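# Fold and contact review
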Amino acid sequence: MEDCLFCKIAKKEIPSETVYENDSLIAFRDIDPQAPTHILIIPKEHFASLEEIPEEKKGILADLLLAARQIAKDKELSRGYRIVLNTGKDSGQAVFHIHFHLLGGRQMTWPPG
Ligand code: AMP
Ligand code: ZN
């Protein structure tokens, strides 16, 4: 999608620190990390949010989560990690191209802010 920051990152039109990539998804370091490890995992295809993933493409969600699990393993987050999927305005979603946050390397707190 034109004028989408994460589509541009997926197409390498904007640089990012890529940590994992396959045909359908890409993972890169968050520019403003909230934990020692903070990685964003996105499908290369544009969907604004979870709300826009059609039923027939639900496999994308499993692919993103399993990629997050693999990256957590690669980054040795053996003590645990948190996966966040902000969806919509009240959640704080700022970039409207679906992305999972993978956070780790420190003790997380609850409730989230
Ligand atoms: P959200 O609030 O869930 O939409 O998260 C958007 C995330 O994208 C934030 O954590 C930002 O720090 C991150 N971000 C914004 N621009 C970039 C960029 N150019 N490269 C990497 N991460 C970015
Ligand atoms: Zn996009």
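Report on the accompanying structure. Owing to the predicted nature of the structure, the values given are computational and were not obtained by experimental measurement.

Right, let's get into the site of ligand 1. Neighbouring ligand 1 are 16 residues, the closest being Asp30, Asn86, Ala94, His99 and His101. Between ligand 1 and Asn86, the relevant distance is 2.9 Å, taken from an oxygen atom to a side-chain nitrogen or oxygen of the residue. Between ligand 1 and His101, the relevant distance is 2.8 Å, taken from an oxygen atom to a side-chain nitrogen or oxygen of the residue. For ligand 1, whose accessible area on its own is 510 Å², the fraction buried by protein is 82%. When residues of the shell around ligand 1 are traced back to their parent elements, those giving at least two are helix H1 (5-10) and strand S2 (25-29). It is H1 that contributes the most residues to the shell around ligand 1, three residues altogether. Taken together, the residues of the shell around ligand 1 break down into eight nonpolar, five polar and three charged.

Moving on, we come to the coordination of the zinc ion (ligand 2). Donor atoms from the polypeptide that bind the zinc ion (ligand 2) are Cys4 (SG), Cys7 (SG), His46 (ND1) and His97 (ND1), placed at 2.1 to 2.3 Å. In the primary structure, the donors to the zinc ion (ligand 2) are separated according to the pattern C-x2-C-x38-H-x50-H. One end of the pair, Cys7, is in helix H1; the other, His97, is in the loop between strand S4 (81-84) and strand S5 (100-104), with 90 residues separating them in the sequence. Each member of the pair, Cys7 as well as His97, is classed as buried.

Turning our eyes to something else, we now look at the sheet that holds strand S1 (residues 18-21). Pairing is antiparallel in the open sheet, where five strands are placed in the order S1-S2-S3-S5-S4. Two strands in the sheet have a free side with no partner beyond their single neighbour: S1 and S4. Looking at each pair of strands side by side, their axes are set apart by 20° on average, direction ignored. Pairing of S4 with S5, which is carried by four bridges, proceeds in the antiparallel orientation. By the bridge assignment for S5, Ile83 is matched with Leu102.

About the criteria used
Residues numbered from 1 in each chain as written. Chains lettered and ligands numbered in written order. Predicted model: local features only at pLDDT ≥ 70, side-chain atom pairs only at ≥ 80, totals over all residues. Heavy atoms only, no water. Near = heavy atom within 4 Å. Polar contact = N/O pair within 3.5 Å; in protein donor to acceptor, adjacent residues only side chain to side chain. Areas by Shrake-Rupley, 256 points an atom, 1.4 Å probe, with all protein chains shown as cover. Helix = DSSP H or I, 4+ residues; strand = E, 2+ residues; numbered from the N terminus. Nonpolar A, V, L, I, M, F, W, Y, C, P; charged D, E, K, R; others polar. Donors = N, O, S within 2.8 Å, 3.2 Å for Na, K, Ca; no water. Buried < 20%, exposed > 50% of the residue type's maximum accessible area, 1.4 Å probe, protein only. Pairing = 2+ DSSP bridges. Axes fitted to C-alpha atoms, helices over the stretch in contact; angles between N-to-C directions.

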